[in-house]
Amino acid sequence: MPDRIVFAGLCAVLLFVPLPIGSVREWSVFAFEAATLALFLLHVLGGGLGRGVRRGGGRESGRGDAPAALPVAVKAGLAIFAVLLAVQVVPLPEAAVEVLSPRAHAVQAALVEDGIAATSPWMTLSLSPAAGLAEIVLTLCYGLFGYLVLRTARSRRRIEVLVLVVLASALFQAFYGMAEVFSGHEAIWGRPKRHGLGSVTGTYVNRNHLAGFLEMAFPLSLGYLLVKARYFAMEKGLSLRRRIVWFGQESLQWTLLLGLVPVFIGLGIVFSKSRSGIMVFAATAALTAAAAASWRALAEEGSERRLGRLVRVVVAAVLAAAVWLGVGPVVRRFAEVDITTENRRTFYANTLEMIGDFPLTGAGKGSFVNAYPMYEKLDDRLSLSFAHNDYLELAAENGLPAAAALIAAGAALLVWLFGLWRRRRDPFAKGIGMGAGLGVVALLLHGFTDFNLQIPANAVYFTTLAMLAAAVLGRRGGRNGDTYQRYMSPMGAGQPAGKNGDMYPPAGDMYPGYVSPKSGKKSGDMYRRYVSPVRKLVKSALAAALAVALFVPALRDFVGFRRLDAYRAARRQARSVESAFPALEARLLAAAEASPRAVFDVELGRLYLEMGRVADQAGREEERDAFCDRAVARYLRAVAANPIDAGTRYEIGMAYLLYNYPLMTYQSRASAHFRRALELKPADETINLNFAYLHFSWWPGLDEAEKAVAADIYRKMAARDPGFPARLADRWTQAYGSTERLDAVLAEIGPIQ
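Values in this document were obtained by computation on a predicted structure and should not be read as measured data. (Residues numbered from 1 in each chain as written. Predicted model: local features only at pLDDT ≥ 70, side-chain atom pairs only at ≥ 80, totals over all residues. Heavy atoms only, no water.)

Novice: Explain the overall build of the protein to me, and be specific about the residues and the numbers.
Specialist: Counting its regular elements, the protein contains 30 helices and 4 strands. Across the protein, every contact between residues at least 6 apart in sequence was considered, and the portion connecting residues at least 24 apart equals 75%. As presented, the protein carries roughly 32,900 Å² of accessible surface, and 61% of it is formed by carbon and sulfur atoms. (Helix = DSSP H or I, 4+ residues; strand = E, 2+ residues; numbered from the N terminus. Contact = heavy atoms within 4.5 Å. Areas by Shrake-Rupley, 256 points an atom, 1.4 Å probe, with all protein chains shown as cover.)

Novice: Pulling in residues and values, what's your account of helix H23 (residues 598-617)?
Specialist: Counted at 1.5 Å a residue, the expected span for H23 with its 20 residues is 28 Å, and the 29 Å between its end C-alpha atoms agrees. Just downstream of H23, Gly619 is the residue with a positive phi angle, here 80°. (Expected span 1.5 Å × (residues − 1).)

Novice: For the packing of aromatic side chains, give the residues involved together with the corresponding values.
Specialist: Counted under the stated rule, the structure contains 33 aromatic pairs. An angle of 90° between the planes, with centres 5.4 Å apart, marks the rings of Phe581 and Phe627 as edge-to-face. In this pair, Phe581 is assigned in helix H22 (residues 577-594) and Phe627 in helix H24 (residues 621-641), connecting sequence segments 46 residues apart. Ring pairing ties together the aromatic residues Phe696, Trp699, Tyr714 and Phe724, which thus form one cluster. For Lys430, the ring lying beneath its charged end belongs to Trp421, and the centroid distance is 4.2 Å. Here the guanidinium or amino end of Arg741 rests over the ring plane of Tyr736, the centre of that ring lying 4.9 Å away. (Phe/Tyr/Trp six-rings, centres within 6.5 Å; stacked < 30°, edge-to-face > 60°. Lys NZ or Arg CZ within 6 Å of the ring centre and 35° of its normal.)

Novice: Explain helix H4 (residues 72-89) residue by residue, including any values.
Specialist: The terminal C-alpha atoms of H4, which comprises 18 residues, lie 27 Å apart, in line with the 26 Å expected from a rise of 1.5 Å per residue. Here H4 has its buried residues at Val74, Gly77, Phe81, Leu85 and Gln88. The buried residues of H4 occupy an angular sector of 70° when the element is viewed end-on, so they sit on one face. Across H4 from its buried face, at more than 90 degrees, point the exposed residues Val72 and Val83. Against the buried residues of H4 lie helix H7 (129-152), helix H17 (390-398) and helix H18 (400-423). (Buried < 20%, exposed > 50% of the residue type's maximum accessible area, 1.4 Å probe, protein only. Arc of directions from axis to C-beta.)

Novice: Tell me about the pattern of salt bridges, residues and numbers included.
Specialist: In total, this model carries 28 salt bridges according to the counting rule given. A salt bridge links Glu623 to Arg620; its shortest N-O distance comes to 2.7 Å. Classification of Glu623 by relative accessible area gives partly exposed; the value is 30%. Residues joined by salt bridges that share partners form a network here, namely Glu113, Asp114, Arg649, Arg676 and Glu679. (Salt bridge = Lys/Arg side-chain N within 4 Å of Asp/Glu carboxyl O.)

Novice: Give a description of the nonpolar core that names residues and reports values.
Specialist: Counting residues in hydrophobic clusters, the biggest one holds 105 residues, and the most contacted among them are Phe32, Leu220, Ile432 and Leu468. Of all hydrophobic cores here, the second largest spans 62 residues; its members include Ala570, Ala592, Val639 and Phe724. (Core = buried A, V, L, I, M, F, W, Y, C linked by side-chain atoms within 4.5 Å.)

Novice: Explain unusual backbone geometry to me, and be specific about the residues and the numbers.
Specialist: With phi around 55°, Trp189 is a residue other than glycine that occupies positive phi space. Here Trp189 shows up in the loop between strand S3 (187-188) and strand S4 (191-192). What makes Trp189 partly exposed here is its relative accessible area of 47%. Backbone geometry places Lys273, a non-glycine residue, at a positive phi of 60°. Mapping Lys273 onto the fold places it in the loop between helix H11 (252-271) and helix H12 (275-299). Given the relative accessible area of 13%, Lys273 is considered buried.

Novice: Quick rundown of a nonpolar patch on the surface? Include the residues and the values.
Specialist: A cluster of nonpolar side chains, Val99, Leu100 and Leu360, forms an exposed patch at the surface whose accessible area comes to about 270 Å². Turning to its location among the elements, Val99 is positioned in helix H5 (residues 94-100). On the basis of relative accessible area, Val99 is assigned to the exposed category, the value being 64%. (Patch = residues over 30% accessible without salt bridge, like charges linked within 9 Å, V, L, I, M, F, W, Y side chains within 5 Å.)

Shown next, in the form of structure tokens:
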């Protein structure tokens, strides 16, 4: 019973995760993590770890064969990657951090230099440990989800149910997205779309992420179609008439209906207008056709290569339907000048520079969004959360050794799956294994131009397909893992799968512990191997401890973000910040107490700073300075948690300027934090503009060192952006009416080289 509940829970999670815009929101991420950990605990408590595997559970038990065992190379690569992730957030001796990541050591040493953190012999390799821990929890939950798929999808019935869940989810996304676009009122769950108008996005925000989701399901739908049409069991040398009769054996209606599934999924990809998605779609269609044409040539010597005609018919149907619906906008999307091409090249160049600064251990999981601005050369007004290349981001955040370990594990898995696929004779395993494996390849190809693996829903489906391919191709029971004769499809076809089609061993193949479905008699021990109760108890305890250890930080972040959402909702409804301040502050304090993430302290600092401005406008000077004290304290706490956030450093500088305004008693402290902000985001126009404006305003009172710093920053920004001096002059004119004083300062600085 627990095994069935776990499998049903996995299917429910798969149906859920794409619906809330790909599960990118904090609450949906927590829902996935909590569900995965609960299912893992149920699996453990139900005896899922270390138990003997029943050889003949029968159709009703759904247990089927022993779970597939992944190759040692795959396990080793994943283990190395997991260990290196954990090392990022574990405090290490300062000397070790300095050796492994000099740049990370310099960033954290600056906190001590600025008086933000106390001197400590311990440091972390991650520049943002709290955010890194959250990302590590999510990554490990992906792994646990895949493990559960591998352990529970052990019968043909369950494998087919899993395939149908994936296809149903993809079909819904394609239908829903096309219905919204072609209806003329584009929305996501009733809310008007703001991005990707005219493109099919389903319940996703970004068309590329929907395309990534559908391109995983497309080859699986083709593989399933070939299985249900019994393509892989077709005899050689049949005439056209006999082929038509063959395809109608299992039920022509079901075959035609299933043929519509890849057609609609393909149309969803085409009308998403994702150029990378469409190219990957074409590539996977070609690979599927080649695999369908060659599989018997790989299995039988001297056999002719048979063209994957059915695959070509499906692709032709997709193209014909696209033309009929109006493919013009898609063609124009390909023909238009790609304004993002140069941006992507810039992203990649900057990310490579980032990898060069953190080659061994990376900047830390989840740190890309704050670390990337250190390498920007021009303010493009974009807040880049991801590198638009999964491989570069993997290396930038985790380091080259961790990236190499994970990529090697993935390559070993694909090689192993391909080897199994060549040797298998079972049509069901052949078709589903091909479809799931090519779905994995599709997202890996898309990873060169986008960040689909950073979207939780797509990462979950990617993991599921990888383990589905391993489960169907790597089954260790029965006769070569063949599917059994009297298997009843969930689709209701109700026909025998044919000779050697039984997943369980036929009555004549008596394995130790095999129970005949007909006689119910066993020929040996019920279980394949004995497991010590003590060993089983220890494994279960360790697994339960892992689940609890992952759940606690996930819960803390969830509670914090829920309270932050409540604060923002109350803020929108408040008539004034001053009147609603006690309730707003209470919500943010509760959020900051729940989670160590820096975002809550930053929001609290902003609230205090806003209250300080209100008090300043009302002439309440002591209250203003008190709020400034509280704002600075919260900002400094946020910097200690995330020392590479340039925005927080800038806001600290603004808070120091508000003290004793307009005398600006802490002008030097403000200047120091502005300089730190520019070290972390040197190309930011707003920070540079305000820094130059303030320092040129203070010019007569600055010492020579401060003047040199201000002049250097101005020259660098003017060299990056030729329009910067004009914008500074406009700002100066608005404040002083003329640029006479500014011109005098610039004359003293000298010409820009």
